[in-house]
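A closer look at the structure
Each chain is listed here by its residues.
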Amino acid sequence: MKKSLILPLLALSLISPRVFALSLNDARSEGRVGETLSGYIAPLRQDTDTLALVKQINQARSESYQRLAEANNLPVDEVAKMAGQKLVERASPGEYVQGINGKWLQK
């Protein structure tokens with residue numbers, strides 16, 4: 001019996017943890033995160049996976065906004081806000097967005 005458990009456990013240990021990582025689309029559809037008008041996502045749940053995803057996505061967005069701002073001679077905040085408006089508008093039905101009043105709304 002022990003031999004029959006070793007092989008599956010060994011196989012599982014070789015699988016990258018990223019296989020089980022939460023994706024942005026999953027987080028959106030599960031109501032874990034929402035789009036804001038600031039151009040960044042915000043966590044609606046405070047679990048480890050959600051918070052790690054928010055940090056990763058917002059870091060990537062920040063870097064992207066910085067590049068766009070430099071290329072277009074614009075303030076980074078302005079680029080982020082323009083992106084935020086588009087991301088909120090493009091949110092799919094059922095996803096959460098933060099309104100101008102700061103309250104979360106489900107589209």
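Our subject is the structure that appears above.
Throughout what follows, the structure given in this document is the object of discussion. This one's a predicted model, so the numbers in the text were calculated from it and none came from an experiment.

1. Regarding the environment of Pro 93
Tracing the backbone shows Pro 93 in the loop between helix H4 (76–90) and strand E3 (96–98). With a relative accessible area of 75%, Pro 93 lands in the exposed category. Distance in space between the C-alpha atoms of Pro 93 and Lys 107 is 4.8 Å, their sequence separation being 14 residues.

2. Some points on the sheet that holds E3
As summarised here, the arrangement of the four strands in space is E2-E1-E3-E4, forming an open sheet in which the pairing is mixed. Strand pairing shows two members of the sheet lacking a second neighbour, strand E2 (41–43) and strand E4 (104–106), which therefore form its edges. The average undirected angle you get between the axes of adjacent strands in this sheet is 40 degrees. Helix-sheet contacts for helix H3 (residues 48–72) involve strand E1 (33–35) and E2, and the interaxial angle to E2 is about 165 degrees.

3. A short note on the environment of Leu 24
Along the chain, Leu 24 falls in helix H2 (residues 24–29). Exposure remark for Leu 24: the relative accessible area of 17% places this residue in the buried category. Sequence separation between Leu 24 and Thr 50 is 26 residues, and the spatial gap between their C-alpha atoms is 9.2 Å. Among all residues touching Leu 24, those that are not within four sequence positions of it are Val 33, Ile 41, Leu 53, Ile 57 and Arg 61.

4. Remarks on the nonpolar core
Listed in full, the eight residues of the largest apolar core are Leu 22, Leu 24, Ala 27, Val 33, Ile 41, Leu 53, Val 54 and Ile 57. At the level of elements, H2 and H3 are the ones that each hand at least two residues to this core. Among all residues touching Leu 22, those that are not within four sequence positions of it are Ala 27, Glu 30, Arg 32, Asp 49, Thr 50 and Leu 53. Counting residues in each nonpolar core, the second largest holds five residues, with Ala 69, Val 79, Ala 80 and Ala 83 among its members.

5. Re the side chain of Thr 36
Structurally, Thr 36 can be placed in the loop between E1 and E2. The class of Thr 36 is buried, set by a relative accessible area of 6%. A distance of 2.7 Å separates the side chain of Thr 36 from the side chain of Ser 38, its partner in a polar contact. Within polar-contact distance, the side chain of Thr 36 engages the backbone oxygen of Tyr 40 at 2.5 Å. Discounting chain neighbours no more than four positions away, the residues touching Thr 36 are Ala 42, Gly 84, Val 88, Gln 98 and Trp 104.

6. Here's the deal with the packing of H3 against H4
At a minimum axis separation of 8 Å, H3 and H4 run at an interaxial angle of 120 degrees. If you check the angle between H3 and H4, you find them oblique. Here H3 runs over H4; the crossing is right-handed. When H3 is examined against H4, the residues Arg 61, Tyr 65, Gln 66, Leu 68 and Ala 69 are found in contact with a partner set consisting of Val 76, Val 79, Ala 80, Ala 83 and Leu 87. The class makeup of the residues in the contact of H3 with H4 is eight nonpolar, one polar and one charged.

About the criteria used
- Residues numbered from 1 in each chain as written.
- Predicted model: local features only at pLDDT ≥ 70, side-chain atom pairs only at ≥ 80, totals over all residues.
- Heavy atoms only, no water.
- Helix = DSSP H or I, 4+ residues; strand = E, 2+ residues; numbered from the N terminus.
- Buried < 20%, exposed > 50% of the residue type's maximum accessible area, 1.4 Å probe, protein only.
- Pairing = 2+ DSSP bridges.
- Axes fitted to C-alpha atoms, helices over the stretch in contact; angles between N-to-C directions.
- Contact = heavy atoms within 4.5 Å.
- Core = buried A, V, L, I, M, F, W, Y, C linked by side-chain atoms within 4.5 Å.
- Polar contact = N/O pair within 3.5 Å; in protein donor to acceptor, adjacent residues only side chain to side chain.
- Parallel < 35°, antiparallel > 145°, perpendicular 65-115°, else oblique.
- Left-handed = near helix turned anticlockwise from the far one by under 90°.
- Nonpolar A, V, L, I, M, F, W, Y, C, P; charged D, E, K, R; others polar.

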